[in-house]
Amino acid sequence: TDTTLGDLKYATDKSGSWVTSTLESAGMVGHFTSIATDSAGKVHISYINLDGGTKLKYATDKSGSWVYSTPDPATNSFALTAIAIDSADKVHISYYDTVNANLMHVTDKSGSWVVTVVESTGSIGYFSDIAIDSNDKIHISYWNAPQTSLMYSTNSGGSWAHSMIDNVGYVGEWTSIAIDSNDKVQISYYEKYE
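Nothing here was measured: the structure is a model prediction, and the numbers come from that model.

### Quick notes on the overall build of the chain
- Within the chain, the secondary structure is distributed over zero helices and 16 strands.
- Taken over the C-alpha trace, the chain has a radius of gyration of 17 Å; the compact-globule value for 194 residues is 16 Å, and the two agree within 12%.
- With the C-alpha coordinates of the chain rotated into their principal frame, the extents come out at 45 × 35 × 35 Å.
- Burial status across the chain gives 45% buried among its 194 residues.
- For the chain, contacts bridging at least 24 residues in sequence account for 33% of all contacts bridging at least 6.
- In the chain, 11 positive and 22 negative side-chain charges are present, and the distance between their average locations comes to 6 Å.

What follows is the structure, encoded as structure tokens:
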């Protein structure tokens, strides 16, 4: 985000040198971005629009020009977003429902956006990150605020299952998740010094 102008910015070196551009400039946009590319090298960006109720936004150039949409117009979110692309080049975004304090997931794999509440057991889902395994199963790491713990959710078993990974001390903020070549999960996260 350009905090001076409130714009969504994009930088790429695909031409051989760095080029920056403004993608969206209507309102206060571009906060809490995440970026991914699909199998054709097209760009997909999730972010938050602070105007009009802090909505999750999505931008892509897969059509050849930039197109912007609001995948979940019903949910207010003022937190980090995370985006991943599956093997069919479908989009998956994890984000936080600020009003109801839930972990959310939205995807366009059916052809239109479908929103799911992944977990709703209190103030949970902040600092989420998302990854997809070789079977197109979803893995999300995130923070449980009341218990200051690292959480993990996956639909690899067919429905969403949740695990508390670490609750020793004040842990679990600023998570990052990755899936290795054996579909094993790796998570990094912050432990607060107390």
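There is more to say after this.
### Some remarks on the packing of aromatic side chains
- Summed over the entire model, instances satisfying the criterion amount to eight aromatic pairs.
- On the basis of an interplanar angle of 45° and a centroid distance of 5.9 Å, the ring pair of W143 and Y170 is categorised as tilted. Of the two residues, W143 is situated in strand β12 (residues 138-144) and Y170 in the loop between β14 (161-166) and β15 (171-179); the sequence distance between them amounts to 27 residues. Comparing W143 with Y170, the two get one shared label, buried.
- The lysine or arginine in question, K192, covers the ring of Y170, its NZ or CZ lying 4.7 Å from the ring centre.

### A look at the side chain of D61
- Along the chain, the position of D61 falls in the loop between β5 (55-60) and β6 (67-69).
- It turns out D61 is buried and unbridged, and the closest side chain with the opposite charge, K14, is 4.4 Å from it.
- A polar atom in the side chain of D61 sits 2.7 Å from the backbone nitrogen of V43.
- Excluding its chain neighbours within four sequence positions, the residues that come into contact with D61 are K14, K42, V43 and W66.

### Considerations on the pattern of salt bridges
- Within the structure shown, the criterion is met by one salt bridge.
- The partner of E24 in a salt bridge is K57, and the shortest N-O contact between them spans 3.0 Å. Pair noted here: E24 is in strand β2 (residues 19-24) and K57 is in strand β5, with a separation of 33 residues, a long-range link.

Conventions adopted
Residues numbered from 1 in each chain as written. Predicted model: local features only at pLDDT ≥ 70, side-chain atom pairs only at ≥ 80, totals over all residues. Heavy atoms only, no water. Helix = DSSP H or I, 4+ residues; strand = E, 2+ residues; numbered from the N terminus. Rg over C-alpha atoms; globule rule 2.2 N^0.38 Å. Buried < 20%, exposed > 50% of the residue type's maximum accessible area, 1.4 Å probe, protein only. Contact = heavy atoms within 4.5 Å. Lys, Arg positive; Asp, Glu negative; His and termini not counted. Charge placed at Lys NZ, Arg CZ, Asp CG, Glu CD. Phe/Tyr/Trp six-rings, centres within 6.5 Å; stacked < 30°, edge-to-face > 60°. Lys NZ or Arg CZ within 6 Å of the ring centre and 35° of its normal. Salt bridge = Lys/Arg side-chain N within 4 Å of Asp/Glu carboxyl O. Polar contact = N/O pair within 3.5 Å; in protein donor to acceptor, adjacent residues only side chain to side chain.

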